[in-house]
Structure formats: C-alpha cells, structure tokens
Amino acid sequence: MITADLSADQPVAVQPVLEIRHLLHAWPDAQSGQAETLLDIRHFQLQAGERCFLHGPSGSGKSTLLNIIAGLCQPSTGEIWLAGKSLWQLSARQRDHLRASKTGVISQTFNLLPYLTVSENLQLMQNFAGQHNDRYWQGYLLQQLNLSEQANQTVARLSVGQQQRAAIARALVHRPALIIADEPTSALDNDNKNAFMRLLLQECSASGASLLLVSHDLSLQPHFDRVLDIASCKPGQRATPVSEKEPLPC
Amino acid sequence: MLMRLAVKSLLQRKLAVALIVLAMSLSLATLLLTRSLSSELRSSFSNSISGTDLIVAARSHPLQVLLYSVFRMGTPTQAMSAERWHEIEQRPQTAWTFPIVLGDSHQGYAVIGTNDDYFRHFRYGRQQALQLSSALPEINLQKPHFAAPLQVFIGATVARERGYAVGDHLHLSHGSHGHSFMQHKEVDFVVAGILQPTGTPVDRSLHVHLQTLEALHDPQQALRLTNAEWQDLPEADAISALFIGLTSRPLLFQLQNVLNQPHQEPLTAVIPGVALSEFWQLLGNAEQLLQALSLLMLITSLLGSVAMLQVTVAGRRQEIALLRIIGARPLYLFVLLETEVLLLTLLSWLLALSMAAATQWLAQPLLAEHYGLLIEPLLNLQDVWFYAALSLGLALLAGLLPALSAYRLSLTTQH
C-alpha cells in the first residue's frame, strides 16, 4: 500500500516531527455495518517545538487519530511519518520502540500505573524507551514539577493535581520529540486546568518537544501556535489543516 | 522491572490472589501428603513382620492366612493340628517355630495365644525384637517370657487406650467382638508387661499363653485355672498358624512346596514377603486412585487461578492499553501474565510445603495413636521436587490462556 519513498520530498533542513500524508480512515458503522469514512487528512505537518491544538466534539474521531499517530491503529490508506520514519514500513517491534522512544502520552485519566510509585512509573517509561534508568534526570524533573516528596508514593494515593504533574513527568522523562495529550484537562476545574496547561507548555518548551493536544475545550486554544478543527478532516470538508491562529468556525 | 510490575500487580488484587493461593496450596499439600502417607503406609505395612520365613496354617487362601496371622484381622475357619506343628518343628530345615491361636478378644483387641518362643523369635521392621517398656519385677524387659499361666502381655496401644498398667487385672471374651456374650469372667489375668510401641498390629494385641487359652475353653479346666501351675495345664491340640524360621534361606521354596503338598490335613504355607507384596498390589489401586484424585484437585485449582487471571485480564484492559501506549510490546504483556501465574504457583508451593510439613508433624501422634502408623514427619524430597516441577509446568501451561488473551488484547486494544 505504501510504496513511494517520499523522503526526497522532505525539506532538507527541517524535518517535521510528525507528518501525515493522504490519510483516509474508515471503519464499519455500528448500526449499518457499512464502512464509513471517518478521517480524511490530505497533508499535515508538525514541526519540532510546535504546539498544535486539535479541536473537536467527542465521537469526532480524535482518539482514533491519536491511535493512528501512535501506530496502534493502522489507517485504511495513507502514511504516517514519526521522527522521520514511516510507521507502517517498520516491523511491529520497531514501531513499538519508536512509539516508546519518540512519543510521550498524557490522557484524560493521566494513564499512570496506579499500583506503582511515581518514580517507578518514570523508570518503566525509560525502560520501555530503551534508556537507562536516569535517576538524576528523574529527580530533576520531579523537582521541576514540585513532586520530589511524592516520588516514592504509590500513584493511587496522590491527589488529582499531583497525578497530573506526575503524568507530565512520565510523558517527558524519556525526552520524546512529540507529546500527545488526549483531553488532559477534562477532569480538572478551571484553576487546575490553567495551572496544568502552564506547566505542560513550560516543560514542553524546556525540552523542545512538540505538542499535539486534543480536546473539546476551546478555552485552551490561546496557548497554541496552531488550531485545527477535526471537523475539517471529515470528508466533504477541505481536508487541510486550518492555518496558524485562524479563528475557529464556532 | 517486570518482576516488580508482576508483584505489584498481584498485590493489587490481594483477596483474589489469597483465595487462589489458598486453593492451590491446599491441593498441592493434599497431593504431597497423599504421597508421603501412602509411602509411609507401605513401609509401615511391610514392616509389620520380618525375619519369619514361612507362615503355615490350615488350607485357605494365602492372603487370608496373612490377614489373620500378621494383621490379626478375622479368624481362621479351620485349625491346624498340634501334630503337624510338632512334625514341622522336627524337620532338619526348621530353626525355630512359634504358634499362635486366635479367636478370643478383649474389648475389641485381638487376643493371641502363644508361647515364649513368640517373644524370642518375632521380628518386625528392620529385624527388631519385641521388648517391654514396663513389666513385673521377675520379668526381663529385653527377653519377655510367661512367668505364670495367668499373665498377659499387652501391646502399647491397648495399654494407652484402656489405661492399663502393670499389675492390673482383666478378663478375656470368647469371640472376636468387643461385646461378646461369653466372657471368661471367672478367670482374672494380670498384666505382666507392656510392650514397647512397634507401629505394627502387635500394638493392638494381647498375648497370653497358649496352654492357658486352651484351658480357658474347657469349662472344667477353667474353674481350676486360678492358682494353677504349668504342669496342671493341658497341651494345646490345635493352633491357628505357625510361624517358621529356617536354618538356611535356600530351603525356603523347597519347604513351601513340601508343605503345600496334598495331605490328609492340607496346609497352606505362605512366604510373608511375597504375600505382603501381593496384598499391597491390591491396595496399590486405591493408592493410585487417591493420587489421581489429588492431581485432579491440583488441576482444578490451577483452572481456578487461570479463571481469575482471565477475568482480571478483561478488567485490565486499560492497564494493558497504557502499557502498550508507553511502548510495551505484546510479548512483554504475555511474559508479564506468565510471570504472575508463576509467582502465584511459587507462593502456593511454599505454603503447601509448610502446610504439609505442619500437618504431618501434628498428625504424627494422632496417626500413631489411632491407627498404629508410625510416620516420620518428613516429606520425601524426591516427591517434593517432582511435584514442584509438575505444578510449575502445569501452571505455565495454564497461564498460556490469560497470557495469550493479554497478548491478543494488546494487539487490538487502542488507547
């Protein structure tokens, strides 16, 4: 399905962290059983250090898109390039390794292993990314996130605020090129939300990671370089990303 | 990290894990105990007689002869005449003999009529002789003998269970049931000695002199029995079985053949070792059945643990998705689940070992007391290793199911 070597088309100087080409994704509708096209992205690039806000209501295929980007779900057609590698030209093992080493994930439920300590969650992440257990760096990160005292506490015992910060630390500990955040603020009140976003953006810029954040919450958009409405990725719409700082239709 | 993940993940589900471990260790312990009990039973069984080359009785099935002569179960239907006893005794191959007469009982315990040769030649276990733990002053503890006609030597179990001490008086009953109508009430026996525990049917027997027993069954003699001297007593004219020791072992089959020949008074000559192993083969089936049952129990509890893990795999969808998204390979999840099964089994195994050891240690006095079984409170190491390997192997096999489920779930589950 993927034949062309498109690396020649890449700009030589700056390689995008993430590039999507000619993506079409469809799956059977729950009721009719007919294949229904859900995503149609002709071209999308995310540069190093860039922050992109992907906006859309629930059920609009945001999570599917994130799964496709993470290489957990194979699109019907199209190519996903992550850190210069075409995901579906890799073996399953290489893809798992690429995901572990190049992306950091923060989700709605923070997705930490609840029975491990904060420290162990970080170690596990570094472990999967194929890195050695860098205690010094972990300590620094936890200190930055004001979690030094909670390092050896079980995640299940942390407050929601502490869990968010631990999730940021986990997403950054292996120095990924891309942070994927899926509705990370949906469980938070306004004050916590703003504090979380400030911290997340601050840590992303400190590490130089790109950020792709998916949410239905439009109040987050001022934090981003670029805002993309997932509705525009639906068939019938112009399937190209909304340009920088372009106001959303709603 | 994998090990820590597995341990902490199991600790997450303490109750389920505790129940599974309990079930698994109970069945493992049963398996171990069955094994060691049956091997101990077997050795205790074959220890019940040694040193006797032949047992001769009136013609009947060899197993029946074994049952009543060695295990004191039941009574012979026919007696053997004293003439044949003396004829055998005279044979050049015969080193020694002692007779036994069965048929009487005391509160459910068998009464054996015999003579001093019984104490001289009876051997059990590793050629151990009968010795007394306490006796009247005129009797040598190492070499018991009947010093007077109305003396009785009782087994260790009889003494303990009925609380008899040396010098106590007791009556015998005719017939082998505890509540016989006919009691030899008029005759008082005195406990002359208490035998040391042997772990054999001897512990549950009472021994009186054969001539005394003969007199007891003659109403006229019985009345005069009190204060009687040896010379007043009649010679026995029939016995139940004769135990024979030979001068040389190679003569064994020859003599057995001769004794089994047709005769106006036909006899059956039994080689105890051969009859014992035949008997054990009969019991061996029951042993195998018990083994199969406990193996089945082990499999059942393994299935239980698999069911638990299988259920938790479904409940761990989120955890598996998370591990996937942070880069865990499907194989990693497979190994994680297998590790959990392995840990469960190891834990169960340790618990089972301590349970089995504790049970044996606690049950040893009870078994000795109620069944006369002397069991070493030690597990057979070879068995322990065998079943450890077996249960771990089965566990890994059983763990394939949840591990494969986790593997497949990890391939299809999306974030």
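Draft legend 1. Quick peek at the sheet that holds strand S7 (residues 178-182) of chain A. Residue and element names in this part refer to chain A. Spatially, five strands are ordered S6-S7-S8-S3-S9 in an open sheet, and the strand pairing comes out parallel. Only two strands of the sheet have a single partner each, and these edge strands are strand S6 (103-107) and strand S9 (226-229). Along the sheet, successive strands turn relative to each other by an average axial angle of 15°, direction set aside. Both S7 and strand S8 (residues 210-215) contribute to a ladder of five bridges, which runs parallel. Within the sheet, the bridge partner assigned to Ile-180 lies in S8 and is Leu-212.

Draft legend 2. Representation of the packing of aromatic side chains in the model. A full pass over the atoms with the stated rule returns 14 aromatic pairs over all chains. Arranged with centres 5.3 Å apart and planes meeting at 25°, the rings of Tyr118(B) and Phe122(B) form a pair that is stacked. Put simply, the rings of Trp96(B), Phe98(B), Tyr118(B), Phe119(B), Phe122(B), Phe146(B), Phe153(B) and Phe243(B) pair up and form one aromatic cluster. When the ring centre of Trp137(A) is taken as reference, the NZ or CZ atom of Arg175(A) above it lies at 4.3 Å.

Draft legend 3. Layout of the pattern of salt bridges. The final tally for this structure, using the stated rule, is 13 salt bridges over all chains. Measuring nitrogen to oxygen at the nearest pair gives 2.8 Å for the salt bridge that ties Arg4(B) to Glu120(A). On the criterion of chain membership, the pair formed by Arg4(B) in helix H1 (residues 2-11) and Glu120(A) in helix H3 (residues 118-128) is interchain, its members lying in two chains. For Glu340(B), the salt bridge identified is with Arg13(B), shortest N-O distance 3.2 Å. Residue Glu340(B) is found in helix H12 (residues 330-371), and its partner Arg13(B) is found in the loop between H1 and helix H2 (14-46); the two are separated by 327 residues along the sequence.

Draft legend 4. Representation of the packing of H2(B) against helix H10 (residues 272-315) of chain B in the model. All names here are of chain B. Between H2 and H10, whose axes approach to 9 Å, the crossing angle comes to 170°. Between H2 and H10, the crossing angle belongs to the class labelled roughly antiparallel. Residues that form the contact of H2 with H10 fall into these classes: 20 nonpolar, ten polar and three charged.

Draft legend 5. The environment of Gln150(A), seen in detail. Counting through the fold element by element, Gln150(A) comes out in the loop between helix H4 (135-144) and helix H5 (160-172). When the C-alpha positions of Gln150(A) and Thr117(A) are compared, they lie 8.3 Å apart, and in sequence the two are 33 residues distant.

Draft legend 6. Structural detail: the pairing of strand S12 (residues 205-209) of chain B. All names here are of chain B. A large share of S12 lies buried, amounting to five of its five residues. Of the two faces of S12, both are covered, the one formed by Ser-205, His-207 and His-209 as well as the one formed by Leu-206 and Val-208. Pairing geometry for strand S4 (residues 109-114) and S12, over five bridges, is parallel. Its bridge partner lying in S12, Ala-110 is registered against Ser-205.

Draft legend 7. Broad picture of the interface of chain B and chain A. Facing 21 residues of chain B, the contacting portion of chain A comprises 24 residues. At the boundary of chain B with chain A, total buried surface from both sides reaches about 2,400 Å², with 60% on carbon and sulfur atoms. Applying the counting rule to chain B against chain A returns three salt bridges. The salt bridge partner of Asp96(A) is Arg324(B), with a shortest N-O separation of 3.0 Å. Taken together, chain B and chain A are joined by five residue pairs in polar contact (both at pLDDT 80 or more). Elements with a minimum of two residues in the side of chain B that touches chain A: H1, helix H11 (317-325) and H12 of chain B. A per-element tally of the side of chain B that touches chain A places H11(B) first, with six residues. When its residues are assigned to classes, the side of chain B that touches chain A shows nine nonpolar, six polar and six charged.

Draft legend 8. Spotlight on the confidence of the model for chain B. On average, residues of chain B score 84 in pLDDT, and 93% of them reach the 70 mark or higher. Strand S14 (residues 241-246) of chain B holds the highest mean pLDDT among the elements of chain B, 94, whereas helix H8 (residues 219-223) of chain B holds the lowest, 71.

Draft legend 9. Region of interest: the packing of H3(A) against H5(A). Residues and elements named next belong to chain A. Viewed as axis vectors pointing N to C, H3 and H5 meet at an angle of 25°, and their least axial separation amounts to 9 Å. It follows that H3 is roughly parallel to H5 by the angle criterion. Like other packed secondary-structure pairs, H3 and H5 cross with a definite hand, here right-handed. Where H3 abuts H5, its residues Val-118, Asn-121, Leu-122 and Met-125 lie against Ala-166, Ala-169 and Arg-170. The class makeup of the residues in the contact of H3 with H5 is five nonpolar, one polar and one charged.

Draft legend 10. How the structure looks around the environment of Glu287(B). The topology assignment puts Glu287(B) in helix H10. Excluding residues that lie within four positions of it along the chain, Glu287(B) makes contacts with Ser38(B) and Trp280(B).

Calculation criteria
Residues numbered from 1 in each chain as written. Chains lettered and ligands numbered in written order. Predicted model: local features only at pLDDT ≥ 70, side-chain atom pairs only at ≥ 80, totals over all residues. Heavy atoms only, no water. Pairing = 2+ DSSP bridges. Helix = DSSP H or I, 4+ residues; strand = E, 2+ residues; numbered from the N terminus. Axes fitted to C-alpha atoms, helices over the stretch in contact; angles between N-to-C directions. Phe/Tyr/Trp six-rings, centres within 6.5 Å; stacked < 30°, edge-to-face > 60°. Lys NZ or Arg CZ within 6 Å of the ring centre and 35° of its normal. Salt bridge = Lys/Arg side-chain N within 4 Å of Asp/Glu carboxyl O. Parallel < 35°, antiparallel > 145°, perpendicular 65-115°, else oblique. Nonpolar A, V, L, I, M, F, W, Y, C, P; charged D, E, K, R; others polar. Buried < 20%, exposed > 50% of the residue type's maximum accessible area, 1.4 Å probe, protein only. Contact = heavy atoms within 4.5 Å. Buried area = accessible area lost by both parts, 1.4 Å probe. Polar contact = N/O pair within 3.5 Å; in protein donor to acceptor, adjacent residues only side chain to side chain. pLDDT = per-residue confidence, 0-100. Left-handed = near helix turned anticlockwise from the far one by under 90°.

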